[in-house]
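What follows is the residue order along each chain.
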Amino acid sequence: MSVVRKMGAASRDAYGKALVELGNENPNVVVMDADLSKSTRTDKFGKAFPDRFIDIGIQEMNLVGLATGLASCGKIPFISSFACFLMCKGYEQLRVGVAFPELNVKVVTSHGGISVGEDGASQQSVEDFALALTLPGFTVIVPSDEHSAKALIKQAAYLKGPVYVRTSRANAALVYDEKSEFKIGKGVQLRKGKDVTLVGTGLLTFECLEAAEILKAKGIDASVIDIHTLKPLDEALILAEAQTTGAFVCAEEHLTFGGLGSVVSQFLSRKHPVPCEFVGLNDTYAESGSPQELMTKYGLTSQNVAEAAQRVLQHKRSR
Amino acid sequence: MTQESQKKSVPVDFERLSKIALDIRRDVIKMLGIAGNGHPGGSLSATDILTVLYFQIMRHDPKNSKWVDRDRLVFSKGHGCPALYSALARSGYFSVESLLTLRKLGSPLQGHPDVRRVAGIDASTGSLGQGLSIAIGMGLAARFDKKDYLSWALISDGELNEGQIWEAAAFASFHKMNNVPAILDYNKFQLGGSCKEMLDMEPVVDKWKAFGWETKEIDGHDLREIHDALLWVKSSKSAPRIIIAHTVKGKGVSFMENNNNFHGVAPTKDETAKALKELGENDTEIARILGMIK
């Protein structure tokens, strides 16, 4: 099977569609945004359900506080903005107002990662996984394409408790089709191999698939798994892969600290230590440029994943 | 539940309220004396307001703390929670004796309120500046659900330093939140010193007016003034309303009044005895409490 890069919609577009369906299904779903509804796609819900939508203005702290009040009275608030603004400016409100009281608030951000592109580093969230993962009780979801985004966001609405979902601005290569099925907390085995496991999340999942093709040409048989849920982690799948391949590459559009690589390698070091390599941003912000230029410059392509796999296989062989 | 006496025909029993306020002040001193740490000043400044709210004005049912149509209260100045815990206990949410477990490992009565642990607490607070937003969120829920409950916000003066308060203030007036009555416990001190010395927010009344709120200034220890102002603040038709309650930090205990050393420091054993004596507690009870202090 060869991997074809067929572009789908952005995961934020899937969020807009999921919200409209949720609005039809559940009268308790309410949506608020902090003046970025055209970008996050919450405006789709706003047009369909103006009575249950408030674009509150540019105030992320108040946004989270309002959601706390709504959730404590039984509503299911979805709140959205760019990942960097909501998670950084609203973080302490998420901590005391949502995570601590374990409230049913759904935080769905857009513009995750550096594929934001030309707007530059202040708009590109490279730390939101770490922030969300360190909110006790939060489920943390990073969909890889439009189909997984729509399905997982719809499931999140019916999951009791706080959820963080990161979506992307850029159109995403399709990993799935509309018939694909997903379960929050359950990773997806996209390809079975015996030499090395490529673990992706978000846009890097497709890069892992493509990297497996590059590796195949070099005689390396790679597994690919999509960890669309960083918390709770699909430990069974990761353990099984570690026992099969004995070498991991974790790839994410995030700092290499505190995200996918951290949770996967922490689990492995406890249960079944194997050599790991990490593809992500190495202690840096990015800059302005086209999404593709940035992903290339900052080492987030299938080529980078394939090179990391070759490095980790050297570790594996030298053990 | 407690709204019966608001009917004009039933006169408000201010003597009863005054006795309850005294009980709450004694509880606050006992709790903090035994705990050995905590915040007396801001507990005592809010005591009279909490008394009239819980025992005269708010619609609530201590036997049904999750009643969906109840009024909510977001106690945004979470550090003053000993007074809130006492008001809840004396309303019947839990036993008065359990107040003495404040701040102990395993006690539901955390150093700052935890909504998951205590019946009658409507929001976890303790990080200043967040409560007004939360109360407004509850008000939005009432609006979405076409319910008539109120979500009260009790905020502190130090909190006015926080930007989030003003985000919430702007939102509330723009969206005509008439179901979020607010009260400012203006005791004029924050942790580091007087509000004037730290970050003077005066003119406070003008600031709220500029943000589109209707204001009323009262003596926050005069039960009649508090009662009338609470009736006023809850009957907004359009613009949000806030009571600016001028209070005295440490009110009721002579050596704590306007003494900011008691912002976040509990009374010693001797000070506990002295304070309880001033508050008219009987000698047997004082001896019992002192016996619980290490």
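Residues numbered from 1 in each chain as written. Chains lettered and ligands numbered in written order. Predicted model: local features only at pLDDT ≥ 70, side-chain atom pairs only at ≥ 80, totals over all residues.

**A short note on the overall build of chain B**
Okay, step 1: On a plain count of helices and strands, chain B comes out with 10 helices and 7 strands.
Okay, step 2: Relative to the compact-globule value of 19 Å for 294 residues, chain B shows a C-alpha radius of gyration of 18 Å, a close match.
Okay, step 3: Dimensions of chain B, computed from the C-alpha atoms along their principal axes, are close to 55 × 45 × 35 Å.
Okay, step 4: When the 294 residues of chain B are sorted by exposure, 50% land in the buried category.
Okay, step 5: Residue pairs at least 24 apart in sequence account for 74% of intrachain contacts in chain B once pairs closer than 6 positions are excluded. (Helix = DSSP H or I, 4+ residues; strand = E, 2+ residues; numbered from the N terminus. Rg over C-alpha atoms; globule rule 2.2 N^0.38 Å. Buried ≥ 20, exposed ≤ 12 C-beta atoms within 10 Å, placed from the backbone. Contact = placed C-beta atoms within 7 Å.)

**Section: the pairing of strand β14 (residues 276–281) of chain A**
Residues and elements named next belong to chain A.
Okay, step 1: Within β14, 6 of the 6 residues are buried, which leaves it mostly tucked inside the rest of the structure.
Okay, step 2: Alignment of strand β13 (residues 248–255) against β14, held across 5 bridges, turns out to be parallel. The residue bridging C250 from the neighbouring strand is F278, located in β14. (Pairing = 2+ DSSP bridges.)

**Remarks on the pairing of strand β7 (residues 163–166) of chain A**
For a regular strand, side chains alternate in direction, first toward one face of the sheet and then toward the other.
All names here are of chain A.
Okay, step 1: Taking every second residue as pointing to the same face, both faces of β7 are buried, with V163 and V165 on one and Y164 and R166 on the other.
Okay, step 2: Across 4 bridges, the pairing between strand β5 (residues 106–109) and β7 is parallel. Residue T109 lies in a different strand from β7, and its bridge partner there is R166.
Okay, step 3: Examined bridge by bridge, strand β6 (residues 139–141) and β7 share 3 bridges and lie parallel to one another. Note that in β7 the partner of I141 across the bridge is V165.
Okay, step 4: Note on the crossover from β6 through helix α8 (residues 146–158) to β7: the handedness is right-handed. (Right-handed = clockwise from strand over helix to strand, strands pointing away.)

**Concerning the interface of chain A and chain B**
Okay, step 1: If you look at the interface, chain A gives 23 residues, while chain B gives 23 residues.
Okay, step 2: Taken together, the elements giving at least two residues each to the side of chain A that touches chain B come down to α4 (60–72) and α6 (91–99) of chain A.
Okay, step 3: Counting residues per element, the side of chain A that touches chain B draws most heavily on α4(A), at 9 residues.
Okay, step 4: Of the residues belonging to the side of chain A that touches chain B, the class tally is 10 nonpolar, 9 polar and 4 charged. (Nonpolar A, V, L, I, M, F, W, Y, C, P; charged D, E, K, R; others polar.)

**Quick notes on helix α3 (residues 81–91) of chain B**
Residue and element names in this part refer to chain B.
Okay, step 1: Among the 11 residues in α3, 9 count as buried, and that is most of the element.
Okay, step 2: Three or more residues of α3 are buried, namely C81, P82, A83, L84, Y85, S86, A87, L88 and A89.
Okay, step 3: Buried residues along α3 sit against α1 (14–35), α2 (40–57) and β1 (72–75).
Okay, step 4: Looking one or two residues past α3, G92 carries a phi angle of roughly 115 degrees, positive in sign.

**Quick notes on the domain arrangement of chain A**
Residues and elements named next belong to chain A.
Okay, step 1: According to the domain assignment, chain A contains domain 1 (9–173) and domain 2 (188–318).
Okay, step 2: With 28 residues of domain 1 at the contact, the number on the domain 2 side is 32 residues.
Okay, step 3: The class makeup of the residues in the side of domain 1 that touches domain 2 is 15 nonpolar, 10 polar and 3 charged. (Domains from an automatic or database assignment.)

**A word on the sheet that holds strand β2 (residues 151–156) of chain B**
All names here are of chain B.
Okay, step 1: Here we have 5 strands laid out as an open sheet, ordered β1-β2-β3-β7-β6, and parallel in their pairing. For this open sheet the edge positions go to β1 and β6 (214–219), each flanked by a neighbour on one side alone. On average, each strand axis in the sheet is inclined to that of its neighbour by 20 degrees, with strand direction left out of account.
Okay, step 2: Two strands pair when backbone bridges link them, and β6 and strand β7 (residues 241–246) are joined in this way by 6 bridges, in the parallel orientation. Directly across from I218, in β7, lies its bridge partner A245. (Axes fitted to C-alpha atoms, helices over the stretch in contact; angles between N-to-C directions.)

**A closer look at the nonpolar core**
Okay, step 1: Core analysis: the biggest nonpolar cluster contains 193 residues, and A:L198, A:F248, A:V249 and A:A309 have the highest contact counts within it.
Okay, step 2: In terms of residues, this core owes the most to one element, α2(B), which gives 9 residues.
Okay, step 3: For this core, the domains that each give at least three residues are domain 1 (9–173) and domain 2 (188–318) of chain A.
Okay, step 4: Setting aside residues up to four positions removed in sequence, A:V249 forms contacts with A:V196, A:L198, A:V199, A:E277, A:V279, A:V305, A:A308, A:A309 and A:V312. (Core = buried A, V, L, I, M, F, W, Y, C linked by C-beta atoms within 7 Å.)

**Quick notes on the sheet that holds strand β4 (residues 76–80) of chain A**
Residues and elements named next belong to chain A.
Okay, step 1: Strand order in this open sheet of 7 strands is β3-β2-β4-β5-β7-β6-β12, and the pairing throughout is mixed. Of all strands in the sheet, those bounded by a partner on one side alone are β3 (53–55) and β12 (229–231). Within the sheet, the average angular offset between the axes of one strand and its neighbour, ignoring direction, is 20 degrees.
Okay, step 2: Here strand β2 (residues 29–33) pairs with β3 via 3 bridges, running parallel. Of the residues in β3, the one forming a bridge with M32 is I54.
Okay, step 3: Packed on one face of the sheet, α8 meets β2, β4, β5, β6 and β7 and runs near 165 degrees to β7.

**What to know about the environment of B:H112**
Okay, step 1: As for its position among the elements, B:H112 is in the loop between α3 and α4 (131–144).
Okay, step 2: Leaving out residues up to four positions away in the same chain, B:H112 has contacts with B:G78, B:H79, B:C81, B:T125 and B:G126.

**Quick word on the environment of A:V165**
All names here are of chain A.
Okay, step 1: One can find V165 in strand β7.
Okay, step 2: Once the C-alpha coordinates of V165 and I141 are considered, the two residues, 24 residues apart in sequence, prove to be 4.7 Å apart.
Okay, step 3: Excluding anything up to four places from it in sequence, V165 contacts V108, I141, L152, I153 and A156.

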